[in-house]
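# Per-entry structural report
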There are 2 protein chains.
Amino acid sequence: MYGIFSYGISNPRVGFKHGHYILDLEVVSLLGYFDDLKIDPAVFAQPVLNDFIALGKPVHKGIHQRLNELLENEAVVFADVHEQVFIPETRAQMHIPVRIGDYTDFYAGIHHAENVGRMFRPQADPLLPNYKHMPVAYHGRASSIVVSGTPIRRPNGQFLRAGTPVFGPSEALDFELELGLIIGKSNPLGESISIDEAEDYIFGIALFNDWSARDIQRWEYQPLGPFLGKNFASSLSAWVLPFDELEPFRVDGPIQEPVPLPYLQTSDSKHFTLDLEVWLHPADGEKICICRSNSHYLYWSFAQMIAHHTVGGCNLNIGDVLATGTISGNTPGSYGSLLELSWNGERPLHLSETTSRTFLANGDTITLKGWGFLNGARVDLGDVTGTIYS
Amino acid sequence: MYGIFSYGISNPRVGFKHGHYILDLEVVSLLGYFDDLKIDPAVFAQPVLNDFIALGKPVHKGIHQRLNELLENEAVVFADVHEQVFIPETRAQMHIPVRIGDYTDFYAGIHHAENVGRMFRPQADPLLPNYKHMPVAYHGRASSIVVSGTPIRRPNGQFLRAGTPVFGPSEALDFELELGLIIGKSNPLGESISIDEAEDYIFGIALFNDWSARDIQRWEYQPLGPFLGKNFASSLSAWVLPFDELEPFRVDGPIQEPVPLPYLQTSDSKHFTLDLEVWLHPADGEKICICRSNSHYLYWSFAQMIAHHTVGGCNLNIGDVLATGTISGNTPGSYGSLLELSWNGERPLHLSETTSRTFLANGDTITLKGWGFLNGARVDLGDVTGTIYS
């Protein structure tokens, strides 16, 4: 996984995660190990991954292969320079990994969409008529996306109390378990990306927490969608897993019925199975796993999201983030938000004999975890964590 | 007004509009006329206004005052260098004036909101319950904002035909008459901007056309708001008018009843009267003015938009665009979109004896115009124009 880190008096730079160490790729490059790949070492001395991403997938593959070779013999290869190359994670400060031009949030977790529908439109079909025809999405706020570990301030805002708008700190602060795609290639404005080429436009994937203030969101969101209920903060993992590393975890998606329009159709498997967990750590208690889910619960694939996003000519840029929406499973223990876990506050979630939650309390820390594990292959995503304060 | 232009083999640079000429501010700076203002001339050799904006309002005032002094005696002052300083507009190519981090679109035109409500929810109150309690808004797509003059490709997308989703070029392509605020100062994430200081965060104002595909929008927008119906393109004027120049056009806004929450309350006049027009020029016909409106029809002021946007801690950055939403007046000739002018296609708009429109045809050019004119004071906004192609 790649990320941006700094330590001591160093400037932020590109790192490669290796266990509890971070390889300083500028140092590796200056030592000459990438010389035959013809990469400007300055690419590794940037405060964001965007220039590194722009090198393109063939170069990324070359770098990854070289790193694997070097790490097989790290004790020998780096004998004299081990301390310059390997920085202990505990000494590093992590930074937001990409400069995000635009951020889009999808709604591709069908069990989440159904749960929300059941809660808020109990008399109607839980899914709106468009849901199975297109990956529904909205544009989110890029400026307030922060790196994992950044404390999250409880937002003030307007919400209804006994039918009257009041102003104050949100009383229904929530997390959302999501995956974020980091876009790796740009398309020109006015040109679409076909579903078959869509995965070429993904640099990598990272865990993403779309913090949500449900009371603010509920009062504001008609008719134009979420605004202040979401834009106070979202948290992105510090570590981005290159998309190619998901290959061993490719699985068939759900049968899509009705069959979507041709621009969303594909014959091969474009879904992935990644285990996902949410941990809640109250300030005065033990941490507890409150959700176990999996990325295969997504109704729409990453490729379908990209094909849909660009079908009208919208241009994606390197570093853009496309998040999946909340990935809930089909059982209560797999719901990816407190809104669902506490069923809109009606069924408090018990963390211990004395502690329960409907929504987040100040001091609560939420950590999202994820990994792939299939047929002997294993890969880890970087955690994303955040603690609520007021 | 300030903008970014290039000509001949020059790089894009900062220009000041003076009649049909553009002052090359890098040249003016290198000639020494800004020396006492201690401005690095490199600020004027940038491809976007962001660094110029970051100089701050006191410096902008100093520059503006100096330019006024110089232009009073331009024939004498610039006698030997007139051709280097004054570039004819006809020789210049204009560029997008700012690097836009995030773009937000409000819904502050109350007559537009009422018209949309009457069309789509005829049995109900035209305004949703939240409308008069907060400036409703959504996040839009920054990457597809283009400078005035850029041709606009008719988007493909999904929409309903006889109740069935079909794919094809939008059959209900529309414009929206809006103003765009260009943010001039950043606030830290987690900190709000009070309504009394909100105007200090506005660098300037420009006409904005939020092109909309109504058929795509209608099918996709529940429950998360507009997405592909809007993100194929928006057009921003090449010229940004500094906010201070709106001072002579300050007027009282509408009486806001119910009285909004304290964070949206202000005692002084924070609305402005700017005349606005929309011209439609068919490929094979005469151009015709199809809408005359005014910015005083906005229900929510610019200051209220900023106070609301940041009240939960969302951070604004220099160069962000906050658009007002469609500014319709209260009579049919003042409606700021074809959706309203043709009443959702029911009443075609007659452009000539033989030509009418419900929505835009290929080859149509839409031009938005705006100016302030009050008590002898006069100021012009830069046009924003775009031609539809397929």
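Residues numbered from 1 in each chain as written. Chains lettered and ligands numbered in written order. Predicted model: local features only at pLDDT ≥ 70, side-chain atom pairs only at ≥ 80, totals over all residues. Heavy atoms only, no water.

Let us look at the environment of B:Ser234. Residues and elements named next belong to chain B. Structurally, Ser 234 can be placed in strand E16 (residues 234–236). Separated by 22 residues in the primary sequence, Ser 234 and Ser 212 have C-alpha atoms spaced 8.5 Å apart. Not counting residues within four places of it along the chain, the set of residues in contact with Ser 234 comprises Tyr 103, Ser 144, Ile 145, Val 146, Phe 208, Asn 209, Asp 210 and Trp 211. (Helix = DSSP H or I, 4+ residues; strand = E, 2+ residues; numbered from the N terminus. Contact = heavy atoms within 4.5 Å.)

With an RMSD of 0.0 Å, the fit of chain B onto chain A corresponds to turning through 180 degrees and sliding 0.0 Å along the axis. Both copies are brought into coincidence by an operation consistent with a two-fold rotation axis. Residue B:Gly225 of chain B places its C-alpha closer to the rotation axis than any other residue of that unit, at 2.1 Å. A shared binding surface is used by both copies, with 100% of the interface residues of chain B retained as interface residues in chain A. (Least-squares fit on C-alpha atoms with pLDDT ≥ 70 in both.)

The next subject is the sheet that holds strand E1 (residues 2–6) of chain A. Residues and elements named next belong to chain A. One open sheet holds the five strands; their spatial order is E4-E3-E2-E1-E5, and the pairing between them is antiparallel. The sheet is open, and its two borders are formed by strand E4 (86–88) and strand E5 (93–95), each paired with just one other strand. Adjacent strand axes in the sheet meet at a mean angle of 50 degrees, parallel and antiparallel pairs treated alike. Of the strand pairs in this sheet, strand E2 (residues 13–18) and strand E3 (residues 21–24) are connected by four bridges, and their pairing is antiparallel. (Pairing = 2+ DSSP bridges. Axes fitted to C-alpha atoms, helices over the stretch in contact; angles between N-to-C directions.)

Turning our attention to the pairing of strand E21 (residues 288–294) of chain B. Residue and element names in this part refer to chain B. Among the seven residues that make up E21, five are buried, leaving the element largely enclosed by the rest of the structure. In the sheet, strand E20 (residues 275–281) pairs with E21 via six bridges, with the strands oriented antiparallel. Counterpart to Trp 279 in the pairing with E21 is Cys 289. Here E20 folds back onto E21, and the loop between the two strands holds six residues. (Buried < 20%, exposed > 50% of the residue type's maximum accessible area, 1.4 Å probe, protein only.)

Residues and elements named next belong to chain B. On the basis of which strands lie adjacent, the open sheet formed by five strands has the order E4-E3-E2-E1-E5 and antiparallel pairing. Single-partner strands in this sheet number two, and they are strand E4 (86–88) and strand E5 (93–95). The average angle at which neighbouring strand axes cross in this sheet is 50 degrees, direction not considered. Looking at chain direction, strand E1 (residues 2–6) and strand E2 (residues 13–18) are connected through four bridges and run antiparallel. Within E2, the position partnered with Gly 3 by the bridge is Gly 15.

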